[in-house]
Amino acid sequence: MHPVKAEEVIAEAYFDHGVKTFSLDTIEELDKIVRATSKAGVAASDLNLLVRIRVSSDHAKLSLASKFGADPRDVSILLFAARQAADALGICFHVGSQAMTPAAFAEAMTLVRDAIVEAAVTVDIVDVGGGFPSSYPGMEPPPMETYFSVIHATFEALPISYSAELWCEPGRALCAEYASVLVRVEKRRGDELYINDGAYGALFDAAHIGWRYPVRLIRQTESRTRPMEFSFYGPTCDDIDRMAGPFELPGDVGVGDYIEVGMLGAYGCAMRTQFNGFGVVDSAVVDDEPMATLYSAEEHERSNVVKL
Ligand SMILES: Cc1ncc(COP(=O)(O)O)c(C=O)c1O
């Protein structure tokens, strides 16, 4: 659903991999998609084309508002043009990652509604994108059901056909809780711990955008020392390889200790590089509970909770 793609990539996706769904936020991208998917001068007749509308990231912890998305004032022209080339026409957006309130979706749906009314075209798909939150220290979102009910209510109120489809593209909410990284302490300097992963590894977001993750000391015998707050340094020589945290750990944590950093299933391992020869890891599949969860046992009892 990236609205800026290379023409040969679109062609390969369509002809070699059967991808029929593309997003766009300019007329140029629409022309590109139409050219890349035409054969012997005949335009494809099975495309799902989704026009991405720019919405605010005000309620999100990570903005996706600047880079992509057509200005709401230009969306009706795009919808009209895409309608001519599409089998199914859609409208999509992304409210920013880790949206802390369902109001983010309500506000975006208002813009969607206005655009559809203005364009006066039949819309077959409304794609509310990602942005569904996970749970981190200092960032506990409201229950997922509140997001779903706002989206359903606003979707039902749109001027679209009864057969229109509602899509979403969850990333973080689906996978954040399903991975941890175990790091080892190589040095301690006061309240700073030098560990063997960092800004160029799975802790990219902890370093570059100050994201906080839950941590736990892994030791045979549990520490009885009172917790205190630490920051981390990663394994490279750069000052930027620093995770401010704060990360709360027992006060006696020291060299040779292992620490579990949780909630790294979204944008953790995927961000890892092998810069300076680091980034080589062992992976293990485990079946213990995540450090925090949106999908607890009681929540599974409720009827409108997605079961993973
Ligand atoms: C187009 C698109 N869809 C979905 C996602 C997933 O977003 P999130 O992890 O916030 O749910 C992203 C993330 O960057 C994205 O760019």
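All values derive from a computational prediction rather than experimental measurement. (Residues numbered from 1 in each chain as written. Predicted model: local features only at pLDDT ≥ 70, side-chain atom pairs only at ≥ 80, totals over all residues. Heavy atoms only, no water.)

So, on to the sheet that holds strand β9 (residues 192–195). Backbone hydrogen bonds are what pair the strands of a sheet, in a parallel or an antiparallel way. Across the sheet, which stays open at both edges, the 6 strands sit in the order β10-β13-β8-β9-β11-β12 with mixed pairing between neighbours. Unpaired on one side and paired on the other, β10 (215–218) and β12 (242–250) mark the two borders of the sheet. Taken over all neighbouring pairs, the strand axes of this sheet differ in orientation by 40 degrees on average, direction set aside. Bridge count for β9 against strand β11 (residues 227–233) is 3 bridges, and the pairing is parallel. Its bridge partner lying in β11, glutamate 192 is registered against serine 231. (Pairing = 2+ DSSP bridges. Helix = DSSP H or I, 4+ residues; strand = E, 2+ residues; numbered from the N terminus. Axes fitted to C-alpha atoms, helices over the stretch in contact; angles between N-to-C directions.)

What follows is about the pairing of strand β4 (residues 88–92). For a regular strand, the rule is simple: side chains alternate between the two faces of the sheet. Of all 5 residues that make up β4, 5 are buried, and the element is covered over most of its length. Judged by which residues are buried, β4 turns out to be covered on both faces: Ala88, Gly90 and Cys92 on one side and Leu89 and Ile91 on the other are all buried. For strand β2 (residues 48–52) and β4, the ladder comprises 5 bridges, and the chain directions are parallel. Each bridged residue has a counterpart across the sheet, and for leucine 50 the counterpart in β4 is glycine 90. Here β4 runs beside strand β6 (residues 125–127); their pairing, made up of 3 bridges, is parallel. Considered in β6, the bridge of cysteine 92 is made with aspartate 127. (Buried < 20%, exposed > 50% of the residue type's maximum accessible area, 1.4 Å probe, protein only.)

Time to look at the site of the ligand. Taken together, Met1, Arg52, Leu64, His94, Ser97, Gly130, Gly131, Glu169, Pro170, Gly171, Arg172 and Tyr267 make up all the residues around the ligand. Take glutamate 169: an N or O atom from its side chain is 2.5 Å from a nitrogen atom of the ligand. At 2.8 Å from an oxygen atom of the ligand is found a main-chain nitrogen or oxygen belonging to arginine 172. Contact with the protein chains removes 77% of the 400 Å² of surface that the ligand exposes when unbound. Classifying every residue of the shell around the ligand gives 4 nonpolar, 5 polar and 3 charged. (Near = heavy atom within 4 Å. Polar contact = N/O pair within 3.5 Å; in protein donor to acceptor, adjacent residues only side chain to side chain. Areas by Shrake-Rupley, 256 points an atom, 1.4 Å probe, with all protein chains shown as cover. Nonpolar A, V, L, I, M, F, W, Y, C, P; charged D, E, K, R; others polar.)

Here the focus is the packing of aromatic side chains. Two aromatic rings, taken as a pair, are described by how far apart their centres are and by the angle between their planes. The full count for this structure, using the stated rule, is 11 aromatic pairs. A centroid spacing of 5.9 Å and a plane angle of 80 degrees characterise the contact between tyrosine 136 and tyrosine 213, whose relative ring orientation is edge-to-face. Pair noted here: tyrosine 136 is in the loop between β6 and α5 (144–156) and tyrosine 213 is in the loop between α7 (204–208) and β10, with a separation of 77 residues, a long-range link. Here tyrosine 136 and tyrosine 213 have matching classes, each one buried. A connected cluster of aromatic rings, assembled from ring pairs, spans Phe93, Phe105, Phe132, Tyr147 and Phe148. For the cation-ring pair, lysine 187 lies above tyrosine 194, with the distance from its terminal atom to the ring centre recorded as 4.8 Å. (Phe/Tyr/Trp six-rings, centres within 6.5 Å; stacked < 30°, edge-to-face > 60°. Lys NZ or Arg CZ within 6 Å of the ring centre and 35° of its normal.)

Residues Leu182, Ile218 and Tyr258 make up a contiguous nonpolar surface patch of about 270 Å² in total accessible area. In this fold, isoleucine 218 is placed in strand β10. Taking relative accessible area as the criterion, isoleucine 218 reaches 36% and is therefore assigned partly exposed. (Patch = residues over 30% accessible without salt bridge, like charges linked within 9 Å, V, L, I, M, F, W, Y side chains within 5 Å. Salt bridge = Lys/Arg side-chain N within 4 Å of Asp/Glu carboxyl O.)

One number sums up the size of the largest pocket: a volume of about 1100 Å³. Lining the largest pocket are 41 residues, and of these Ala179, Ser180, Val181, Leu182 and Ala284 sit closest to its centre. Taken together, the elements giving at least two residues each to the lining of the largest pocket come down to β8 (181–189), β10 and β13 (258–261). Among the elements that line the lining of the largest pocket, the one with the most residues is β8, at 4 residues. Tallied by class, residues from the lining of the largest pocket come to 21 nonpolar, 10 polar and 10 charged. (1 Å grid on protein atoms, 1.4 Å probe; cavity = no way out; pocket = protein on both sides within 12 Å on 5 of 7 lines; lining within 4 Å. Points joined across faces, edges and corners; volume = space filled by probe spheres on them.)

Before going further, it helps to spend a moment on helix α2 (residues 27–37). When we look at burial in α2, the residues that qualify are Glu29, Leu30, Lys32, Ile33, Ala36 and Thr37. On an axial view of α2, the arc spanned by its buried residues comes to 160 degrees, and they lie on one face. Exposed and oriented more than 90 degrees from the buried face of α2 are Glu28 and Arg35. (Arc of directions from axis to C-beta.)

This part covers the sheet that holds strand β7 (residues 165–167). Read from one edge of the open sheet, 5 strands run β1-β2-β4-β6-β7, paired in parallel fashion. The outermost strands of the open sheet, each flanked by one partner alone, are β1 (21–24) and β7. When the angles between neighbouring strand axes are averaged without regard to direction, this sheet yields 25 degrees.

Attention now goes to helix α1 (residues 7–17). For α1, the set of buried residues is Ile10, Ala13 and Tyr14. Viewed along the axis of α1, the buried residues span an arc of 85 degrees, placing them on a single side of the element. Of the residues in α1, the exposed ones pointing more than 90 degrees away from the buried face are Glu8 and Asp16. At its buried positions, α1 is contacted by β1 and α2. Immediately beyond the C-terminal end of α1, within one or two residues, lies glycine 18, with a positive phi of roughly 70 degrees. (Contact = heavy atoms within 4.5 Å.)

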